[in-house]
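Single-letter residue listing:
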Amino acid sequence: MVEKKKIDKRMEAKTVVQLKHMFDMELKRIRDENGIDILMFVGIDGRIFASIIPPILDPIQFRFLNLVKGNLTFVCSQLQGDNLKVSIQQYELGTVVISGVGANCFLASIFSKPLSVDTMGPTIHKLVNGSTVLNHLFEQRPMSEEGLKGYDKAVTDELAKLTRQLFVEKFDETREYKRNMELLKFLKLKIGSVVGIGAVDEIVTVTMNEMGTSPAYMKDQDWLKFTDRIIEAHIKKRSGDIVADECRRTWVPEVERKLKSFV
(Lines give C-alpha, C1' and ligand atoms only; values in the text may rest on other atoms or scores of the structure.)
Protein backbone atom coordinates (compact mmCIF):
# COMPACT_ATOMS: atom_id res chain seq x y z
CA MET A 1 0.00 0.00 0.00
CA VAL A 2 1.32 3.44 -0.94
CA GLU A 3 1.76 5.73 2.05
CA LYS A 4 -0.37 8.84 1.98
CA LYS A 5 1.56 12.05 1.48
CA LYS A 6 1.78 14.21 4.57
CA ILE A 7 0.24 17.56 3.79
CA ASP A 8 0.97 20.62 5.90
CA LYS A 9 -2.60 21.76 6.35
CA ARG A 10 -1.89 25.37 7.17
CA MET A 11 -2.63 28.48 5.19
CA GLU A 12 -1.45 32.05 5.46
CA ALA A 13 -3.93 34.77 4.59
CA LYS A 14 -3.30 35.79 0.98
CA THR A 15 -6.32 38.03 0.44
CA VAL A 16 -8.03 40.78 2.42
CA VAL A 17 -11.04 38.51 2.96
CA GLN A 18 -8.88 35.71 4.37
CA LEU A 19 -6.99 38.15 6.60
CA LYS A 20 -10.23 39.58 7.99
CA HIS A 21 -11.55 36.06 8.62
CA MET A 22 -8.35 35.18 10.48
CA PHE A 23 -8.58 38.40 12.49
CA ASP A 24 -12.22 37.73 13.40
CA MET A 25 -11.34 34.18 14.51
CA GLU A 26 -8.75 35.55 16.92
CA LEU A 27 -11.11 38.19 18.29
CA LYS A 28 -13.73 35.50 19.01
CA ARG A 29 -11.12 33.31 20.69
CA ILE A 30 -9.99 36.18 22.93
CA ARG A 31 -13.59 36.94 23.89
CA ASP A 32 -14.56 33.34 24.57
CA GLU A 33 -11.44 32.30 26.49
CA ASN A 34 -11.54 35.33 28.78
CA GLY A 35 -15.27 35.73 29.32
CA ILE A 36 -15.33 39.21 27.80
CA ASP A 37 -18.73 40.84 27.26
CA ILE A 38 -17.73 43.49 24.71
CA LEU A 39 -14.55 43.59 22.66
CA MET A 40 -13.38 46.40 20.40
CA PHE A 41 -10.30 46.78 18.20
CA VAL A 42 -9.59 50.48 17.87
CA GLY A 43 -7.05 52.65 16.05
CA ILE A 44 -5.26 55.55 17.74
CA ASP A 45 -7.33 57.90 15.59
CA GLY A 46 -10.47 56.62 17.32
CA ARG A 47 -11.73 54.45 14.47
CA ILE A 48 -13.25 51.13 15.57
CA PHE A 49 -11.88 48.60 13.07
CA ALA A 50 -13.65 45.55 14.51
CA SER A 51 -15.88 44.75 17.44
CA ILE A 52 -17.89 42.00 19.11
CA ILE A 53 -20.92 43.54 20.78
CA PRO A 54 -24.00 41.56 21.92
CA PRO A 55 -27.11 42.37 19.85
CA ILE A 56 -28.96 43.17 23.07
CA LEU A 57 -27.12 45.00 25.87
CA ASP A 58 -28.13 44.95 29.50
CA PRO A 59 -27.94 48.29 31.40
CA ILE A 60 -24.44 47.61 32.77
CA GLN A 61 -23.04 46.62 29.37
CA PHE A 62 -24.65 49.69 27.78
CA ARG A 63 -23.13 51.95 30.43
CA PHE A 64 -19.64 50.54 30.01
CA LEU A 65 -19.80 50.64 26.22
CA ASN A 66 -20.65 54.36 26.35
CA LEU A 67 -17.95 54.88 28.97
CA VAL A 68 -15.29 53.37 26.70
CA LYS A 69 -16.52 55.28 23.65
CA GLY A 70 -16.48 58.50 25.67
CA ASN A 71 -12.89 57.86 26.77
CA LEU A 72 -11.57 56.96 23.31
CA THR A 73 -9.86 60.32 22.79
CA PHE A 74 -8.05 60.04 26.12
CA VAL A 75 -7.00 56.42 25.54
CA CYS A 76 -5.80 57.23 22.02
CA SER A 77 -3.63 60.07 23.33
CA GLN A 78 -2.15 57.75 25.98
CA LEU A 79 -1.33 55.12 23.39
CA GLN A 80 0.14 57.66 20.99
CA GLY A 81 2.11 59.75 23.46
CA ASP A 82 3.01 57.35 26.27
CA ASN A 83 3.19 54.03 24.41
CA LEU A 84 0.45 52.50 26.59
CA LYS A 85 0.82 48.72 27.03
CA VAL A 86 -1.92 47.75 29.49
CA SER A 87 -4.44 49.76 31.47
CA ILE A 88 -6.93 48.30 33.95
CA GLN A 89 -9.92 50.45 34.87
CA GLN A 90 -11.97 49.03 37.72
CA TYR A 91 -15.43 50.19 38.62
CA GLU A 92 -17.95 49.00 41.16
CA LEU A 93 -19.94 47.04 38.54
CA GLY A 94 -17.28 46.06 36.07
CA THR A 95 -13.80 46.29 34.60
CA VAL A 96 -12.29 47.65 31.40
CA VAL A 97 -8.90 46.42 30.19
CA ILE A 98 -7.05 48.36 27.50
CA SER A 99 -4.16 46.48 25.86
CA GLY A 100 -1.95 47.96 23.18
CA VAL A 101 -1.85 46.29 19.77
CA GLY A 102 1.39 47.60 18.34
CA ALA A 103 1.93 51.35 18.33
CA ASN A 104 -1.20 52.35 16.45
CA CYS A 105 -4.11 50.27 17.82
CA PHE A 106 -5.51 48.86 21.03
CA LEU A 107 -7.95 46.29 22.29
CA ALA A 108 -10.72 47.37 24.66
CA SER A 109 -12.06 44.45 26.71
CA ILE A 110 -15.19 45.14 28.73
CA PHE A 111 -16.19 42.87 31.60
CA SER A 112 -19.62 43.80 32.97
CA LYS A 113 -18.86 42.24 36.33
CA PRO A 114 -16.49 43.05 39.18
CA LEU A 115 -13.07 41.41 38.90
CA SER A 116 -10.37 41.21 41.54
CA VAL A 117 -6.96 42.61 40.68
CA ASP A 118 -5.41 39.79 42.69
CA THR A 119 -6.88 37.15 40.35
CA MET A 120 -6.66 38.98 37.02
CA GLY A 121 -3.02 38.07 36.32
CA PRO A 122 -3.71 35.10 33.99
CA THR A 123 -6.42 37.05 32.13
CA ILE A 124 -4.14 40.04 31.59
CA HIS A 125 -1.36 37.74 30.35
CA LYS A 126 -3.74 36.13 27.84
CA LEU A 127 -5.01 39.53 26.68
CA VAL A 128 -1.45 40.75 26.11
CA ASN A 129 -0.64 37.59 24.13
CA GLY A 130 -3.87 37.95 22.16
CA SER A 131 -2.99 41.56 21.38
CA THR A 132 0.41 40.40 20.09
CA VAL A 133 -1.32 37.89 17.81
CA LEU A 134 -3.67 40.59 16.50
CA ASN A 135 -0.73 42.92 15.85
CA HIS A 136 1.07 40.19 13.90
CA LEU A 137 -2.01 39.73 11.72
CA PHE A 138 -2.75 43.45 11.41
CA GLU A 139 0.79 44.19 10.20
CA GLN A 140 0.60 41.19 7.83
CA ARG A 141 3.85 39.72 9.06
CA PRO A 142 4.93 36.34 7.67
CA MET A 143 4.35 33.07 9.53
CA SER A 144 7.94 31.96 8.90
CA GLU A 145 10.37 31.06 11.68
CA GLU A 146 12.02 34.45 11.26
CA GLY A 147 8.67 36.25 11.32
CA LEU A 148 7.70 34.54 14.61
CA LYS A 149 11.07 35.07 16.28
CA GLY A 150 10.92 36.58 19.76
CA TYR A 151 7.31 35.67 20.57
CA ASP A 152 6.15 33.71 23.61
CA LYS A 153 5.27 30.09 22.87
CA ALA A 154 1.60 30.86 23.54
CA VAL A 155 1.66 33.45 20.74
CA THR A 156 3.37 31.17 18.18
CA ASP A 157 1.03 28.31 19.12
CA GLU A 158 -2.02 30.52 18.60
CA LEU A 159 -0.77 31.76 15.22
CA ALA A 160 -0.20 28.12 14.19
CA LYS A 161 -3.75 27.23 15.26
CA LEU A 162 -5.13 30.12 13.23
CA THR A 163 -3.32 29.02 10.06
CA ARG A 164 -4.70 25.49 10.50
CA GLN A 165 -8.21 26.79 11.15
CA LEU A 166 -8.00 29.10 8.14
CA PHE A 167 -7.01 26.11 6.00
CA VAL A 168 -10.00 24.10 7.23
CA GLU A 169 -12.49 26.92 6.74
CA LYS A 170 -11.21 28.67 3.63
CA PHE A 171 -9.06 26.29 1.55
CA ASP A 172 -11.94 25.49 -0.80
CA GLU A 173 -12.04 29.19 -1.74
CA THR A 174 -8.39 29.33 -2.84
CA ARG A 175 -7.18 29.52 -6.43
CA GLU A 176 -5.23 26.29 -5.91
CA TYR A 177 -8.32 24.34 -4.86
CA LYS A 178 -10.46 25.73 -7.69
CA ARG A 179 -7.72 24.89 -10.20
CA ASN A 180 -7.52 21.32 -8.96
CA MET A 181 -11.27 20.83 -9.12
CA GLU A 182 -11.30 22.17 -12.68
CA LEU A 183 -8.49 19.80 -13.69
CA LEU A 184 -10.25 16.85 -12.06
CA LYS A 185 -13.48 17.65 -13.89
CA PHE A 186 -11.58 18.01 -17.18
CA LEU A 187 -9.79 14.68 -16.82
CA LYS A 188 -12.92 12.87 -15.72
CA LEU A 189 -14.61 13.97 -18.94
CA LYS A 190 -11.61 12.78 -20.95
CA ILE A 191 -11.50 9.40 -19.20
CA GLY A 192 -15.25 8.96 -19.55
CA SER A 193 -15.10 9.61 -23.27
CA VAL A 194 -12.85 6.55 -23.65
CA VAL A 195 -13.88 4.02 -20.99
CA GLY A 196 -17.46 5.13 -20.30
CA ILE A 197 -18.87 7.30 -17.53
CA GLY A 198 -19.56 4.36 -15.21
CA ALA A 199 -15.89 3.46 -14.82
CA VAL A 200 -14.54 6.98 -14.25
CA ASP A 201 -14.88 7.28 -10.45
CA GLU A 202 -13.36 3.85 -9.85
CA ILE A 203 -10.35 4.59 -12.07
CA VAL A 204 -9.78 8.01 -10.49
CA THR A 205 -10.06 6.66 -6.93
CA VAL A 206 -7.73 3.72 -7.56
CA THR A 207 -5.13 5.97 -9.20
CA MET A 208 -5.29 8.56 -6.43
CA ASN A 209 -4.84 5.82 -3.82
CA GLU A 210 -1.84 4.46 -5.72
CA MET A 211 -0.28 7.92 -5.71
CA GLY A 212 -1.11 8.46 -2.04
CA THR A 213 -2.76 11.83 -2.60
CA SER A 214 -6.13 13.47 -3.18
CA PRO A 215 -7.32 15.94 -5.85
CA ALA A 216 -7.58 18.99 -3.60
CA TYR A 217 -3.86 19.09 -2.78
CA MET A 218 -2.32 18.06 -6.12
CA LYS A 219 0.64 20.00 -7.53
CA ASP A 220 1.63 20.39 -11.19
CA GLN A 221 3.81 17.29 -11.34
CA ASP A 222 1.13 15.26 -9.55
CA TRP A 223 -1.38 16.04 -12.31
CA LEU A 224 1.08 15.05 -15.05
CA LYS A 225 1.91 11.85 -13.18
CA PHE A 226 -1.78 11.16 -12.63
CA THR A 227 -2.55 11.62 -16.34
CA ASP A 228 0.27 9.27 -17.34
CA ARG A 229 -0.83 6.61 -14.84
CA ILE A 230 -4.43 6.73 -16.03
CA ILE A 231 -3.37 6.26 -19.64
CA GLU A 232 -0.79 3.55 -18.96
CA ALA A 233 -2.66 1.49 -16.36
CA HIS A 234 -6.28 1.90 -17.48
CA ILE A 235 -6.76 3.36 -20.97
CA LYS A 236 -4.10 1.10 -22.48
CA LYS A 237 -5.45 -1.97 -20.70
CA ARG A 238 -9.06 -1.36 -21.73
CA SER A 239 -8.65 0.20 -25.19
CA GLY A 240 -5.23 -0.82 -26.49
CA ASP A 241 -1.96 0.85 -27.43
CA ILE A 242 -3.26 2.98 -30.29
CA VAL A 243 -5.96 4.67 -28.21
CA ALA A 244 -3.54 5.07 -25.29
CA ASP A 245 -0.94 6.73 -27.50
CA GLU A 246 -3.53 9.11 -28.92
CA CYS A 247 -4.71 10.04 -25.41
CA ARG A 248 -1.14 10.69 -24.31
CA ARG A 249 -0.49 12.82 -27.39
CA THR A 250 -3.54 15.04 -26.81
CA TRP A 251 -4.26 14.93 -23.06
CA VAL A 252 -0.81 15.76 -21.72
CA PRO A 253 -0.40 19.04 -23.69
CA GLU A 254 -3.92 20.08 -22.66
CA VAL A 255 -3.17 19.41 -18.99
CA GLU A 256 0.07 21.38 -19.29
CA ARG A 257 -1.77 24.31 -20.86
CA LYS A 258 -4.34 24.31 -18.10
CA LEU A 259 -1.62 24.22 -15.45
CA LYS A 260 0.13 27.19 -17.03
CA SER A 261 -3.12 29.14 -17.30
CA PHE A 262 -3.37 29.16 -13.49
CA VAL A 263 0.14 30.49 -12.89
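Anything mentioned here points back to the structure above.
Now for a description of the structure that goes with this document. Treat the numbers as computed from the prediction; the structure is a model and nothing was measured.

Observations concerning the environment of Ala244
Stage number 1. Mapped onto the fold, Ala244 is located in helix α9 (residues 241-261).
Stage number 2. On the accessibility criterion, Ala244 (1% relative accessible area) is buried.
Stage number 3. Considering only alpha carbons, one finds Ala244 and Ile231, 13 residues apart in sequence, at a separation of 5.8 Å.
Stage number 4. Sequence-distant contacts of Ala244, that is, excluding residues within four places in its chain, are made with Ile231, Ile235 and Lys236.

Looking at the packing of aromatic side chains
Stage number 1. For the structure shown, the criterion picks out 11 aromatic pairs.
Stage number 2. Summarising the aromatic geometry, the rings of Phe23 and Phe138 are spaced 6.4 Å apart at their centres and angled 55° between planes, so their arrangement reads as tilted. With Phe23 in helix α1 (residues 16-34) and Phe138 in helix α4 (residues 121-138), this residue pair connects regions lying 115 residues apart in the sequence.
Stage number 3. Owing to a relative accessible area of 36%, Phe138 belongs among the partly exposed residues under this scheme.
Stage number 4. Both rings, one in Phe167 and one in Phe171, keep their centres 4.7 Å apart while their planes meet at 25°; by these two values the pair is stacked.

Remarks on the pattern of salt bridges
Stage number 1. Scanning the entire structure with this criterion turns up 21 salt bridges.
Stage number 2. Among the salt bridges present, the one from Arg47 reaches Asp45, with a minimum N-O distance of 2.7 Å.
Stage number 3. What emerges from the salt-bridge pattern is a single network uniting Asp228, Glu232, Lys236, Asp241, Asp245 and Arg248.

Looking at helix α8 (residues 220-239)
Stage number 1. Over its 20 residues, α8 runs 27 Å from end to end, which matches the ideal 28 Å to within 8%, given 1.5 Å per residue.
Stage number 2. For α8, the complete set of buried residues consists of Asp222, Trp223, Phe226, Thr227, Ile230, Ile231, His234 and Ile235.
Stage number 3. Looking at the buried residues of α8, the elements they touch are α6 (175-195), α7 (200-211) and α9.

Considering the nonpolar core
Stage number 1. Of all hydrophobic cores here, the largest spans 28 residues; its most connected members are Leu27, Leu107, Leu137 and Leu159.
Stage number 2. Looking at this core, the elements that each hand over two or more residues are α1, β1 (38-43), β2 (48-52), β4 (95-101), β5 (105-111), α4 and α5 (153-170).
Stage number 3. Among all residues touching Leu27, those that are not within four sequence positions of it are Leu39, Ala50, Ile52, Leu107 and Leu134.

Considering unusual backbone geometry
Stage number 1. Notably, Gln140 is not glycine yet its phi reads approximately 55°, a positive angle.
Stage number 2. Assignment of secondary structure puts Gln140 in the loop between α4 and α5.

Concerning a nonpolar patch on the surface
Stage number 1. There is a patch of nonpolar side chains on the surface, built from Val86, Ile88 and Val128 and spanning about 190 Å² of accessible area.
Stage number 2. Within the secondary structure, Ile88 is located in strand β3 (residues 86-90).
Stage number 3. Taking relative accessible area as the criterion, Ile88 reaches 39% and is therefore assigned partly exposed.

A few points about the side chain of Arg179
Stage number 1. Summarising the element assignment, Arg179 is placed in helix α6.
Stage number 2. Ignoring anything within four residues of it in the chain, the contact list for Arg179 reads Met218, Lys219, Asp220, Trp223, Leu259 and Phe262.

Looking at empty space enclosed by the protein
Stage number 1. A complete count under the given rule lists one cavity of 30 Å³ or more for this structure.
Stage number 2. By volume, the largest cavity is sized at about 50 Å³.
Stage number 3. Taken together, Leu67, Val68, Asn71, Val75, Gln89, Tyr91, Val96 and Ile98 make up the full set of residues lining the largest cavity.
Stage number 4. For the lining of the largest cavity, the secondary-structure elements that each account for two or more residues are α2 (59-70) and β4.
Stage number 5. For the lining of the largest cavity, the residue count by class is six nonpolar, two polar and no charged.

As for the sheet that holds β3
Stage number 1. With respect to topology, five strands assemble into an open sheet ordered β2-β1-β5-β4-β3, the strand pairing being antiparallel. Pairing within the sheet leaves two strands with one partner each, and these edge strands are β2 and β3. Averaged over all adjacent pairs, the angle separating strand axes in this sheet is 15°, with direction ignored.
Stage number 2. Pairing geometry for β4 and β5, over seven bridges, is antiparallel. Looking across to β5, one finds that Gly100 is bridged to Phe106.

Here we look at the side chain of Glu158
Stage number 1. Within the fold, Glu158 resides in helix α5.
Stage number 2. The exposure class assigned to Glu158 is buried, which follows from its relative accessible area of 8%.
Stage number 3. With residues near it in sequence (within four places) discarded, Glu158 still touches Glu26, Arg29 and Val133.

Definitions and limits used
- Residues numbered from 1 in each chain as written.
- Predicted model: local features only at pLDDT ≥ 70, side-chain atom pairs only at ≥ 80, totals over all residues.
- Heavy atoms only, no water.
- Helix = DSSP H or I, 4+ residues; strand = E, 2+ residues; numbered from the N terminus.
- Buried < 20%, exposed > 50% of the residue type's maximum accessible area, 1.4 Å probe, protein only.
- Contact = heavy atoms within 4.5 Å.
- Phe/Tyr/Trp six-rings, centres within 6.5 Å; stacked < 30°, edge-to-face > 60°.
- Salt bridge = Lys/Arg side-chain N within 4 Å of Asp/Glu carboxyl O.
- Expected span 1.5 Å × (residues − 1).
- Core = buried A, V, L, I, M, F, W, Y, C linked by side-chain atoms within 4.5 Å.
- Patch = residues over 30% accessible without salt bridge, like charges linked within 9 Å, V, L, I, M, F, W, Y side chains within 5 Å.
- Areas by Shrake-Rupley, 256 points an atom, 1.4 Å probe, with all protein chains shown as cover.
- 1 Å grid on protein atoms, 1.4 Å probe; cavity = no way out; pocket = protein on both sides within 12 Å on 5 of 7 lines; lining within 4 Å.
- Points joined across faces, edges and corners; volume = space filled by probe spheres on them.
- Nonpolar A, V, L, I, M, F, W, Y, C, P; charged D, E, K, R; others polar.
- Pairing = 2+ DSSP bridges.
- Axes fitted to C-alpha atoms, helices over the stretch in contact; angles between N-to-C directions.

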